[in-house]
Structure formats: C-alpha cells, structure tokens
Amino acid sequence: MNKQTTHKILIGILLILAGLVLAQFIRDAYIYVERQANHERVEKLINKDLALKWDTMDVELEEINKLISEQAFFNADLGRLYERAALIYMEKGETMTYYRHLGYALYYLERSEEKDHTINIYLDIANFFLNNYTDNSARKVIEKAQKIKAFDDIEDLQIKSYAFRVLAMLAIQDNDYQAAEEYLNKSQEIVAMSHTGVYEEAYVAINDIWLAKVYVETERYAECREKLEKWADSDMMTSDVYRIIFLRDMVIPFYHVDALLRAAEIFNSSVNFSQKDIEDKEERVVDALQDFITVCNENGYEKAELKTILELQQKYPPTSSKVRYNINSIVNSLYAELFENQNIAYVNAIDNMIDESKFEMSKTERVRLQTYRRTRIIIVSIVFVIVIILVLSVIILNSRYDGLTGLLNRKAFNHRLQYLIRRKQLYSVIMIDVDDFKKINDTYGHQNGDIVLERLGQLMQKETTPEVQCYRYGGEEFAVLLDRRAVPYVGNVAERLRNNMSQQAWEFADKQVITLSLGVATGEGQDDVLNRADENLYTSKTTGKNKVTG
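Numbers given to residues run from 1 along each chain, matching the order in which its sequence is written. This being a predicted model, a pLDDT of at least 70 is required before a residue's local features are given, and a value of 80 or more before pairs of side-chain atoms are given or counted; all residues contribute to the totals for chains, interfaces and linings. The basis for every side-chain value is the complete set of non-hydrogen atoms in the structure, without hydrogens or water.

## Observations regarding helix H20 (residues 437-444)
Next up, step 1: Only protein chains enter the accessibility calculation, which uses a 1.4 Å probe. A residue is then buried if its area is under 20% of the maximum for its type, exposed if over 50%, and partly exposed in between. In this description a helix means any DSSP run of H or I spanning at least four residues, a strand means any run of E spanning at least two, and both kinds are numbered starting from the N terminus. For H20, the full list of buried residues reads Phe-437, Ile-440 and Asn-441. The buried residues of H20 all sit within an arc of 95° when viewed along its axis, so they share a single face. Structural note: H20 exposes Lys-438, Lys-439 and Asp-442 on the side pointing more than 90 degrees away from its buried face.
Next up, step 2: Check the buried side of H20 and you find it contacts strand E1 (427-434) and helix H21 (446-463).
Next up, step 3: Among the residues trailing H20, Gly-445 stands out with phi positive, at a value near 95°. Picture the helix axis, draw a direction to every C-beta atom, and the arc is the one those directions span. In what follows, a contact means two residues having at least one pair of non-hydrogen atoms within 4.5 Å.

## With respect to the packing of helix H3 (residues 75-91) against helix H4 (residues 95-109)
Helix-helix packing: each pair is described by the crossing angle between the helix axes and the interaxial distance.
Next up, step 1: It is the contact of H3 with H4, at a shortest axis distance of 8 Å, that shows an interaxial angle of 165°. Classified by the interaxial angle, the pair formed by H3 and H4 is roughly antiparallel. Along this stretch, H3 crosses H4, giving a crossing that reads as left-handed. Seen from H3, the contacting residues are Asn-75, Ala-76, Leu-78, Gly-79, Arg-80, Tyr-82, Glu-83, Ala-85, Ala-86, Leu-87, Tyr-89 and Met-90; seen from H4, they are Thr-97, Tyr-98, His-101, Leu-102, Tyr-104, Ala-105, Tyr-108 and Leu-109.
Next up, step 2: Considering only residue class, the contact of H3 with H4 consists of 14 nonpolar, four polar and two charged. To obtain an axis, a line is fitted to C-alpha atoms, over the contacting stretch when the element is a helix, and the angle between two such axes runs from 0 to 180 degrees between their N-to-C directions. With respect to orientation, any angle under 35 degrees is reported as roughly parallel, any angle over 145 as roughly antiparallel, any angle of 65 to 115 as roughly perpendicular, and every other angle as oblique. Note on convention: near helix rotated counterclockwise from far helix by under a right angle means a left-handed crossing. Clockwise means right-handed. Polar here means any residue other than Ala, Val, Leu, Ile, Met, Phe, Trp, Tyr, Cys and Pro, which are nonpolar, and Asp, Glu, Lys and Arg, which are charged; Gly is therefore polar.

## Considerations on the pairing of strand E3 (residues 477-482)
Next up, step 1: Within E3, six of the six residues are buried, which leaves the element mostly enclosed by the surrounding structure.
Next up, step 2: Judged by which residues are buried, E3 turns out to be covered on both faces: Glu-477, Ala-479 and Leu-481 on one side and Phe-478, Val-480 and Leu-482 on the other are all buried.
Next up, step 3: Strand direction decides the pairing type here: E1 and E3, joined by six bridges, are antiparallel. By the bridge assignment for E3, Ile-432 is matched with Phe-478.
Next up, step 4: In this sheet, E3 lies alongside strand E2 (residues 468-474) in antiparallel orientation, the contact comprising six bridges. Looking at E3, one finds that Arg-472 is bridged to Phe-478. Here the rule is simple: two strands pair whenever DSSP picks up at least two bridges between them.

## Structural notes on the pairing of E1
Next up, step 1: Where burial is concerned, most of E1 is hidden: eight out of the eight residues are buried.
Next up, step 2: The pairing of E1 with strand E4 (residues 516-523) spans eight bridges and is classified as antiparallel. Bridge pairing in E4 places Ser-428 opposite Thr-522.

## What to know about a nonpolar patch on the surface
Next up, step 1: Taken together, Leu-22, Phe-25 and Ile-26 make up a surface patch of nonpolar side chains, about 330 Å² in accessible area.
Next up, step 2: Its location among the elements puts Phe-25 in helix H1 (residues 3-47).
Next up, step 3: Residue classification places Phe-25 among the exposed positions, given a relative accessible area of 57%. Two distance rules govern patches: like charges are joined within 9 Å, and nonpolar side chains (Val, Leu, Ile, Met, Phe, Trp, Tyr) within 5 Å, applied only to residues with over 30% relative accessible area and no salt bridge. Computed by Shrake-Rupley with a 1.4 Å probe, the accessible areas treat only the displayed protein chains as cover when residues are assessed. Salt bridge, as applied in this entry: a Lys or Arg side-chain nitrogen positioned within 4 Å of an Asp or Glu carboxyl oxygen.

## Here we look at the packing of helix H7 (residues 157-173) against helix H9 (residues 200-217)
Next up, step 1: It is the contact of H7 with H9, at a shortest axis distance of 11 Å, that shows an interaxial angle of 15°. By the criterion of interaxial angle, the relationship of H7 to H9 is roughly parallel. Judged by the twist between their axes, the crossing of H7 over H9 is left-handed. Between H7 and H9, the residues in contact are Gln-158, Ser-161, Tyr-162, Arg-165, Met-169 and Ile-172 and Tyr-203, Ile-206, Asn-207, Trp-210, Lys-213 and Val-214, respectively.
Next up, step 2: Its residues placed into classes, the contact of H7 with H9 shows seven nonpolar, three polar and two charged.

Here you go:
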C-alpha cells in the first residue's frame, strides 16, 4: 500500500467519523427538541381537569400510554405522565395497577428535579397506609417525603395542602386532635390561596370531613353536624362516579364520622329520653350504619368498618340487647374475614409492587441506555478501526463467548469461578446437562441437536443478570454462576430453566419432549462447590432425569 493510498484511506475514515459525529449530534438535538415539545404537551395534559366519565378516562389513559411508548420525554415529564395514569387507575378502582404506576412515576421523578411531585406520590402511599391503620408504615413514608423537602417549602399549592392533610390524618390516629385541627386549618388556608378551579372544592370538602372527625372526637357536635350537612348532598357523595373517586378520602370518612356523631348525640342527650326511646334511637343508629357497612364491604374497607364499630362500642355502649347482638355479630364476622386477609401482608404486597415496578422500569431504562450507548460506541470504534484490524485475530482467539449459543464459554467460567473463590464470597453453581442428548443427535441429526443447544442458550440468556452469569461448559453441558446477592434465588433459577426447557416445542419432532438434569451447590472460599454441583447433577441423571438436585 503506497503513501497516497494510505492518505486516501485515512481521509475517508476521518470523513466517515465526522459524518457519524454530525449524525449523532443531529440525533441528540432532535431528541432534545422532541423532549422540549413534549414537555409542553405534558403540561397541557396534566393541567387539564380530568372529565369524570368512564369513557373519557379511558380515552385519556390510552393517550398517555401511547405517548409514553412512542415519544421521548424528560424524566420529570415521564414521572408526571405515570402519576396521571395512576390517578386514572385509582378512579377506575384498579388498585393494584394504581400502585404499580406510582412505582413507575417514582422511578422517574426521583431522577429529576421535580421534588414536589415526588413528595405527592409518597403522600399517596402514606394515605393508603393510614386508611389501612398501619400508622408506623405511614410515618416512615412521611419521613421519607419530608427528607426530600420540608412541607412548608412545597411550591405546588395542591400538593402542599395535601401534605398538611396527611399530617392531620396521622395526628388523628395518634389522638392528637389539637395538632390535627391546626394541620387541617393550615391545609384549608393553602387551598384558599389557589385559584385553578380544578381541585379546590374537593380539597375543601375532604378537609371539612376530617375537621368533622376532630369535632366529634372533641365533643363539638354542632360544628361536626354543620360540616357533614354542608357536603351530604354534594356530587361527591351522591354521584356514582364521584363516590368511587372520593371513596377513600371522603365517602368512607363521612360515614364513619356520621355514625360516631349519631351515637354521641344519643348518648349525651339520654337523660331526656326513656329507656325505650334510647333503644329505638340505638336501633336507628344501627340502621344508619348499614349504608356504611354496605359501602365498606363492597369496596374492601372492612378495617374501617371494624374500627368504627369498635369505637362506637367503646365510647357509646348500647343498652339494647338486640343492638348489642347485631353489633357483635358484625364484629365477629369482620374478625373472621380480616384474619384471612392479613393487613400487614397486604401492605407488604403494595411495597413489593412499588419496588418491583421501579425495578422493571430500571431494566427498561437500561435497555434504552444500552441502545443509545451502542450508537456512541460505533462512532468511537471507528477511531480505533486500524488497531482493531491488527488485533482482530487475537480477539477472535481469545473470545469469551460460545459461537453457537451466545453464552460465555468455559474459559470465562473458570476465570469467574476463581475470582469468586479468591474473594471468599458466598456463591452458587448450577450444572446442567441435556438429557439423552446423544440419542437426540443420533435420531434427528447434529443440525437439530445444535438447535436444541441454541434454544437452551436463549433460555439461559433470559436468566442472565449482573448477579447471574450463564456459560456453555462443553458439549451438551452448561453452567450458571450466581454471586451472593442471587444465592437465595438459585433454586428458582434452576427450576425455571428445567420447567421452561421441558415445555419447548420442536419443529423437527412435534411430540418430542427434551428435558434437563440439574445439580445445585452453594459455598464459599475453598469449598469444592463445582464438584458438589457436578455430583448433584449426576444424582439427577441417575435418579430419573428432568429434575434439580441440590
């Protein structure tokens, strides 16, 4: 190659490099412009009052999901879109999906500067815990929110008002009614400063109901009755759609307070009534409770129902034997049902769902970032193209991957195993062998045997994470290494691989079932984990195959 030709090649490489850099710059600029334009769309959508009709909710939900899947957004905008979707799911009564989307929203908002909306999601979670009477869980979540920003420093008036209402709810649970009243009055003052015309009336109504709770507990019955009567005929209490939307925050608390007030009014005026009059009024209180009981039972608020009845029994014990019998029957039935649905287990399920949704979003984000970085790596790689050509043979010879399955090879396995041994870390080994593989090769040919190995490689790649590495050990034998963080799940990984393989369909033999034998072992340091896993694999193969031993 002469000097002139070398110059031409170098110039060509530089031009290609410049073109790719320019293309990357244009792509980045386009994405930024798209995100900026979408920011305006998000602001318009979020600030629009949600029309409270089922078909309208579905239309908006479809629009949000389409935006998220097809467009580029800043983290803050993605978080707010997921938060909006969560709100719609809550209004539709899809509780699990609501909390999953809160997790998605938290993932993005925690990576943005939108502190107020991050706090708002924590407030929703705390509100859930308070409505399920798990005060300690609520307190921990509120503390997390306050570490993000002091509630007095919240700029969004709606979120700020909500924050002080949640503090009031916690104070009520602690029987600190003076603090609760102060928080609620402050929440009302903040609402009065807002003039969006979107949420103010609802927030005033909800605060009033919680103030009524404070009044009945502090024996200010006239003030309590005034608050209840103010909202008894409002759309939030009478419209089917609104009742579902405001069920947690207003309807259930309204019935709860109303029942307490009715009992308190009878108890405190009983000196003016005969025993028969008192018993008649007690029965009317129980009749009034039936609406509350029906709403609670239909919507999964048995804990609120039980707490209300127990509170009535404690503060205003009925004199009528008939009333006592009816109430005791309801209480016994509720206890039986609640023991079957452990409250703490449900709270943990919500916690896990939020964490899982954040993890799921993290995985999705990693894939997106990997795609973006891959483009940059291509550009950088061109700079080293000449060096790559020179060392290509060395790279091929020292490749760490198996060409057929795409898994790491035995050399990489040995290297990783020695690393774990040197670090004296706890780790697990899964040794895997395709059952009767020779028979498969002899019956269907080596080409179809390769298809079996390739398919197993694909199943193992689905299990691969930073903590779980999969290898082709040799021939039809495969291996998995799990570091200490994944050790608790080694049995799940092994069983999943065994089960998934046995369910595969094969084009070369419709009715052929191909299975795996697996051996599992765990240890650390100089423990001969590999040998024990191999022995367990041998046990699996000699005691029936298609099984996990370990």
